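For reference, the chains in residue letters:
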Amino acid sequence: MSLERINPAELSPPTGFSHAVAATGTRLVFLAGQTALDASGTVVGATLPEQFECALANLLAALAAAGGAPADLARVTVYATDVAAYRTHAAELGRVWRRLAGRDYPAMALVGVVRLWDEEALVELDGVAVLP
C-alpha cells in the first residue's frame, strides 16, 4: 500500500491537509462518523478542542481495529457546528492532530452543519483509509 500526497505549487500551500492523495492498496476501509462519545455513549468534553481530540481518537480506534494506522488515512471529512470556532481553534486542533495522527495528512474537508446526531456534539469526523 502506498499513499502519495500531492500538493501542486499552483495551489495555495496546504496547512494540515493534502490537496490530493493518490492511493494504491488492496483494502479500503470506510470509517463511520465519530463524535466525542465515550464507551457508554455519552458525549464528553465541553470545548471544541476536547471534543475534536476524542472524536479523532475514536476514528483512529476504529481504523486500528480494522488493521490500519493514521498514515493509511486517504480522506477525512470534518463536520463542525461552528466553523468560526473551528477556525479560531485551528492551531490547537492541528497540535491535537499531529500528536494523535502525525504529519501524513489526508485530503480533508471541513463542512459546517446546523447540528449533529447528538445535540451536545460539536464536531464529527469520518474517513477513508487504504490498507495493504
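For the structure itself, consult the block above.
Residues numbered from 1 in each chain as written. Predicted model: local features only at pLDDT ≥ 70, side-chain atom pairs only at ≥ 80, totals over all residues. Heavy atoms only, no water.

### Details of the packing of helix α1 (residues 48–65) against helix α3 (residues 90–101)
(1) Moving on: At a closest axis distance of 10 Å, the pairing of α1 and α3 adopts a crossing angle of 25 degrees. What the angle tells us is that α1 and α3 run roughly parallel. Along this stretch, α1 crosses α3, giving a crossing that reads as right-handed. Mapping the contact onto sequence places L48, P49, F52, E53, L56, A57 and L60 in α1 and E92, L93, V96, W97, R99, L100 and A101 in α3.
(2) Moving on: Split into classes, the residues belonging to the contact of α1 with α3 amount to 11 nonpolar, no polar and three charged. (Axes fitted to C-alpha atoms, helices over the stretch in contact; angles between N-to-C directions. Helix = DSSP H or I, 4+ residues; strand = E, 2+ residues; numbered from the N terminus. Parallel < 35°, antiparallel > 145°, perpendicular 65-115°, else oblique. Left-handed = near helix turned anticlockwise from the far one by under 90°. Contact = heavy atoms within 4.5 Å. Nonpolar A, V, L, I, M, F, W, Y, C, P; charged D, E, K, R; others polar.)

### Points about the nonpolar core
(1) Moving on: In terms of nonpolar packing, the biggest core is built from 25 residues, with F52, L56, L73, V76, W97 and L125 touching the most fellow members.
(2) Moving on: Listing elements by their share of this core, those giving two or more residues are β3 (27–34), α1, β4 (73–80), α3 and β6 (123–131).
(3) Moving on: Setting aside its immediate chain neighbours within four residues, L125 contacts A32, G33, Q34, F52, A55, L56, L59, V76, T77, V78 and W97. (Core = buried A, V, L, I, M, F, W, Y, C linked by side-chain atoms within 4.5 Å. Buried < 20%, exposed > 50% of the residue type's maximum accessible area, 1.4 Å probe, protein only.)

### Here's the deal with the packing of aromatic side chains
(1) Moving on: Counted by the stated rule, this structure contains one aromatic pair.
(2) Moving on: With a centroid separation of 6.3 Å and an interplanar angle of 75 degrees, the aromatic rings of F52 and Y86 are classed as edge-to-face. One end of the pair, F52, is in helix α1; the other, Y86, is in helix α2 (residues 83–88), and 34 residues separate them in sequence. (Phe/Tyr/Trp six-rings, centres within 6.5 Å; stacked < 30°, edge-to-face > 60°.)

### Regarding the pattern of salt bridges
(1) Moving on: This structure, assessed with the given rule, holds two salt bridges.
(2) Moving on: E53 is the partner of R99 in a salt bridge, and the nearest nitrogen-oxygen pair spans 3.1 Å. Of this pair, R99 sits in helix α3 while E53 sits in helix α1, and the two are 46 residues apart along the sequence.
(3) Moving on: A relative accessible area of 52% places R99 in the exposed class.
(4) Moving on: With a relative accessible area of 29%, E53 lands in the partly exposed category.
(5) Moving on: Note that R115 and E119 form a salt bridge whose closest N and O atoms lie 3.7 Å from each other.
(6) Moving on: A relative accessible area of 45% places R115 in the partly exposed class. (Salt bridge = Lys/Arg side-chain N within 4 Å of Asp/Glu carboxyl O.)

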